[in-house]
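Geometric and topological summary
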Amino acid sequence: MTLHINHVTKRFGSFTAVDDLSLTINDKQIFGFLGANGAGKTTTFRMILGLIDQSEGQIDWNNQTIDYSITDKIGYLPEERGLYPKMKVKEQMIYLGRLRGMNKQAIIKELDYWLDRFKIPDYKEKKVEELSKGNQQKIQFISAVINQPKLLILDEPFSGLDPVNVELLKEAVIELKEKGTTIVFSSHQMSTVEELCESLCIMVKGKPVVQGSLKDIKRQFGKKNLLIHAEMDLEFLKEMSGVVKYAQTAEGCRLQINNEETSQQILTEIVQREGFIKRFDLLEPSLNDIFIEKVGESYE
Ligand SMILES: Nc1ncnc2c1ncn2[C@@H]1O[C@H](COP(=O)(O)OP(=O)(O)OP(=O)(O)O)[C@@H](O)[C@H]1O
């Protein structure tokens, strides 16, 4: 059940929100959709779901266009959350589940399971407006997965959640993937994307500027990070060739370097200066580094 996005463009009048986007999202994986504000993520989700039409190109899932005939296999957490504040959680879920062709018994079974998982079993009979923002978000998430979707689209699912709830939601997403759901989600939290996604795409002004597996993206980026804690003044590293960025942090001196050879040169230099090294870690670039460089370029 692969999701194919093939040369898709979306124009609103003369403005191009998504510009010739092509992506293949494989079965049973978690795919991260990243980009600055206004990059075109939500617009792409709406096109995938058939909520708006693309101006050009084609989108299909399992070789068919997504339309009302397969809503029972799709889950969607929209960016603009939309629960009925006056309705009780249980009534709301029955209503939304019925719209997806589920029977009442199956809805309640799923609801009980998820309320337990999210540690809010007592909220079934509460009105949505009585819940905190984070708990409302959990209910909204449950409404997206109540029908055990095969394809789940989550628009910024972690925004506004505290760290404990972020963990609960992450575990839920991993569990759904393990049970066979393909998950596409957008987020501005790079560390979460890094933890969850096998593959991702970074959008800039409607165009994908980076895409592929996280491993390949990091390898292709080339630059590495170096964390050094040494009993000596390391300021001289700022001027060394191959050092792209230099910062003093609580952990030590954090550098971005061009390649691994630079780390050898730095090590030799410190030893020659008779510095006492407590820590010398060569690290993969973080997704945050990659995002800042790729998206930052577009602001220049
Ligand atoms: N219905 C619309 N009419 C006109 N312009 C629109 C419409 N929907 C979106 N846009 C524009 O398209 C661009 C992409 O918007 P979109 O919501 O897809 O971005 P996004 O990547 O989801 O951003 P964010 O991270 O802020 O949620 C924006 O410039 C937005 O103003």
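Note that this is a predicted model, so its numbers are computed, not measured.

1. Re the packing of helix α2 (residues 89-99) against helix α3 (residues 104-117)
- At a closest axis distance of 9 Å, the pairing of α2 and α3 adopts a crossing angle of 125°. As the angle between them shows, α2 and α3 are arranged oblique. Classified by chirality, the crossing of α3 by α2 is right-handed. Where α2 abuts α3, its residues K90, M93, I94 and G97 lie against K104, I107 and L111.
- Partitioned by chemical class, the residues of the contact of α2 with α3 number four nonpolar, one polar and two charged.

2. Re the UniProt feature "domain: ABC transporter" (unreviewed entry) in the protein
- As recorded in UniProt, the feature "domain: ABC transporter" (unreviewed entry) lies at residues 3-230.
- Secondary structure across residues 3-230 divides into 34% helix and 29% strand, with the first and last C-alpha atoms of the span separated by 49 Å.

3. Looking at the site of the ligand
- Every residue close to the ligand is listed here: F12, F15, A17, G35, N37, G38, A39, G40, K41, T42, T43 and E79.
- Among the elements that take part in the shell around the ligand, helix α1 (residues 41-48) stands out by supplying three residues, more than any other.
- The residue makeup of the shell around the ligand, split by class, is four nonpolar, six polar and two charged.

4. Considering the environment of F158
- Looking at the secondary structure, you find F158 in the loop between β6 (151-155) and α5 (163-178).
- Residue classification places F158 among the buried residues on the basis of 21 C-beta atoms within 10 Å.
- In this structure, the C-alpha to C-alpha distance between F158 and A144, residues 14 residues apart in sequence, is 14 Å.
- Aside from chain neighbours lying at most four places away, what touches F158 is V166, L169, S187, Q189 and T192.

Criteria and thresholds
- Residues numbered from 1 in each chain as written.
- Predicted model: local features only at pLDDT ≥ 70, side-chain atom pairs only at ≥ 80, totals over all residues.
- Axes fitted to C-alpha atoms, helices over the stretch in contact; angles between N-to-C directions.
- Helix = DSSP H or I, 4+ residues; strand = E, 2+ residues; numbered from the N terminus.
- Parallel < 35°, antiparallel > 145°, perpendicular 65-115°, else oblique.
- Left-handed = near helix turned anticlockwise from the far one by under 90°.
- Contact = placed C-beta atoms within 7 Å.
- Nonpolar A, V, L, I, M, F, W, Y, C, P; charged D, E, K, R; others polar.
- UniProt positions renumbered as here; feature names shortened; annotations may be inferred.
- Near = placed C-beta within 6 Å.
- Buried ≥ 20, exposed ≤ 12 C-beta atoms within 10 Å, placed from the backbone.

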